[in-house]
Each structure stands twice: as structure tokens, then as C-alpha cells.
Amino acid sequence: MPIDATLAYDDQNVFAKILRGEIPCSKVYEDEWALAFHDIAPQAPMHVLVVPKGAYVSWDDFAAKAPAEEIAGFVRAVGHIARENGLVEPGYRLLVNVGAHGGQEVPHLHVHLFGGRPLGPMIAR
């Protein structure tokens, strides 16, 4: 169910629980800024979720409130994961859903990283 990205951060969301180790994940990468893990319902051969370790509801919340060092660390983590998985040369897609119209379902910023096959049009028609 889509969420309202303007609401306060809910520390009981599934990604917060994964970050705290309360729910297991299939970890791909972790550093001081981000945790990345395989999506439980992959939409491509490579479908990884990258979440910042900070408490941000959405991309908008992150862009407005995160310090520059945290933004840079998170963006670099996403790039590192793509490079380490050999996705740069064939190409890959990043997707961030924000709010109800964007289809956001978890109130914690997360980037979907898709790769491993041609991904088709950017938006379903």
C-alpha cells in the first residue's frame, strides 16, 4: 500500500528492522552509510535494495535533511554496488519511489538497483 512520504519517520518499518538486525536479509554490501540486500521478490536477474542507515522516509526527506557527507556516502555506495556486480558496461537502472503517486510502499528511503537483462521502457505504458 503506498505511503504518505510527508509523514514522520516510522522506526518500525521493515527496513529499519533489517538495519537493526531484527529481520534477516541476503546482504550484498554494507558500509557506514548504506546497507544493500537482494529484494525478496526480484523483478530482474539483479535486483538489490540499497537503504541509507539514517532515518529518512523518502528521497525528498533525505535530500532536504541529510548532511552532504551522508548523501555522498550513500550515492557512492550505490555506484560501488553496480560496479562490483559488473553492471556498468551492460547498463542498469536505479529506481526510487516517492509517496503515493510514485508507488512507495515502505516509509524508509530505498533505491532499487536492477540489472542483468534489458529492462524495457522506463515507465509501463
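Per-chain numbering applies: the sequence of each chain, read as written, is numbered from 1 onward. Where totals are concerned, whole chains, interfaces and linings use all residues; where local detail is concerned, this predicted model gives features only for residues with pLDDT of at least 70, and gives and counts side-chain atom pairs only at 80 or more. With hydrogens and water excluded, all non-hydrogen atoms of the structure serve as input to the side-chain values.

1. With respect to the overall build of the protein
For clarity, the threshold we go by: A run of DSSP states H or I qualifies as a helix once it reaches four residues; a run of E qualifies as a strand once it reaches two. Both are numbered from the N-terminal end. For the radius of gyration, the atom set is restricted to C-alpha positions; the globular benchmark scales as 2.2 Å times the number of residues to the power 0.38.
Looking only at helices and strands, the protein has 4 helices and 5 strands in total. The order of α-helices and β-strands along the protein, N terminus first, is α-β-β-β-α-α-β-α-β. In terms of C-alpha radius of gyration, the protein reaches 14 Å, essentially the compact-globule figure of 14 Å for 125 residues. Taken over the C-alpha atoms alone, the protein extends approximately 40 × 35 × 30 Å along its principal axes.

2. Some remarks on the side chain of Ser58
Convention followed: Remark: exposure states derive from per-residue accessible area (1.4 Å probe, protein chains only) relative to the maximum for the residue type, with buried under 20%, exposed over 50%, and partly exposed in between. Here, two residues are considered to be in contact whenever any of their heavy atoms come within 4.5 Å of each other.
Among the secondary structure elements, Ser58 is positioned in the loop between β3 (46-52) and α2 (59-65). Classification of Ser58 by relative accessible area gives buried; the value is 1%. Setting aside anything within four residues of it in sequence, one finds Ser58 in contact with Ala5, Val98, Gln104 and Leu109.

3. A word on the pairing of strand β5 (residues 111-115)
Here is the rule: Any two strands with at least two DSSP-identified bridges between them are counted as paired.
Summarising burial for β5: 5 of the 5 residues are buried, a large majority. Burial along β5 is two-sided: the face carrying Val111, Leu113 and Gly115 and the face carrying His112 and Phe114 are both buried. Relative to β5, β3 runs antiparallel, the two being bridged by 5 bridges. Across the sheet, His47 pairs through a bridge with Phe114, a residue of β5.

4. A closer look at the environment of Ile123
Relative to the helices and strands, Ile123 resides in the segment after β5. Overall, Ile123 belongs to the exposed group, its relative accessible area being 58%. Measuring from C-alpha to C-alpha, the distance between Ile123 and Leu113 comes to 15 Å, with 10 residues separating the pair along the chain.

5. Concerning the packing of aromatic side chains
Here is the rule: Only centres within 6.5 Å qualify two rings of Phe, Tyr or Trp (six-membered ring in Trp) as a pair; their planes then separate them into stacked at under 30 degrees, edge-to-face at over 60, and tilted for everything else.
Scanning the entire structure with this criterion turns up 4 aromatic pairs. Geometrically, the ring pair formed by Phe15 and Phe37 is edge-to-face, given 5.7 Å between the ring centres and 65° between the ring planes. Here Phe15 is found in helix α1 (residues 14-19), whereas its partner Phe37 is found in strand β2 (residues 34-38), with 22 residues between them in sequence. Residue Phe15 shares its accessibility class with Phe37, and that shared class is buried. A ring pair is formed by Tyr56 and Phe62, whose centres lie 5.1 Å apart and whose planes are at 75°; its orientation type is edge-to-face.

6. Focus on the environment of Gly115
Mapping Gly115 onto the fold places it in strand β5. For the pair formed by Gly115 and Arg93, sequence separation is 22 residues and the distance between their alpha carbons is 6.5 Å.

7. With respect to helix α3 (residues 68-84)
Spelled out, the test is: A helix is expected to span 1.5 Å multiplied by its residue count minus one.
Here α3 is 17 residues long and its end C-alpha atoms lie 24 Å apart, about the 24 Å a rise of 1.5 Å per residue gives. Among all positions of α3, only Glu70, Gly73, Phe74, Ala77, Val78, Gly79, Ile81 and Ala82 are buried. Residues of α3 that are buried sit in contact with β1 (27-30), β2, β3, α2, β4 (92-95) and β5. One or two residues past the end of α3 sits Gly86, with phi positive at roughly 65°.

8. Details of the nonpolar core
Note the following rule: Buried residues of nine kinds, namely Ala, Val, Leu, Ile, Met, Phe, Trp, Tyr and Cys, make up a nonpolar core once their side-chain atoms join them within 4.5 Å.
Counting 18 residues, the largest nonpolar core has Ala36, Val48, Val50, Phe62, Phe74, Ile81 and Leu113 as its most contacted members. For this core, the secondary structure elements donating two or more residues are β2, β3, α3 and β5. With 5 residues, α3 is the single largest residue contributor to this core. Once residues lying within four places of it in the same chain are set aside, the contact partners of Val48 are Val28, Ala36, Phe37, His38, Asp39, Val111, His112 and Leu113. Counting residues in hydrophobic clusters, the runner-up holds 7 residues, among them Ile18, Leu35, Val51 and Val106.

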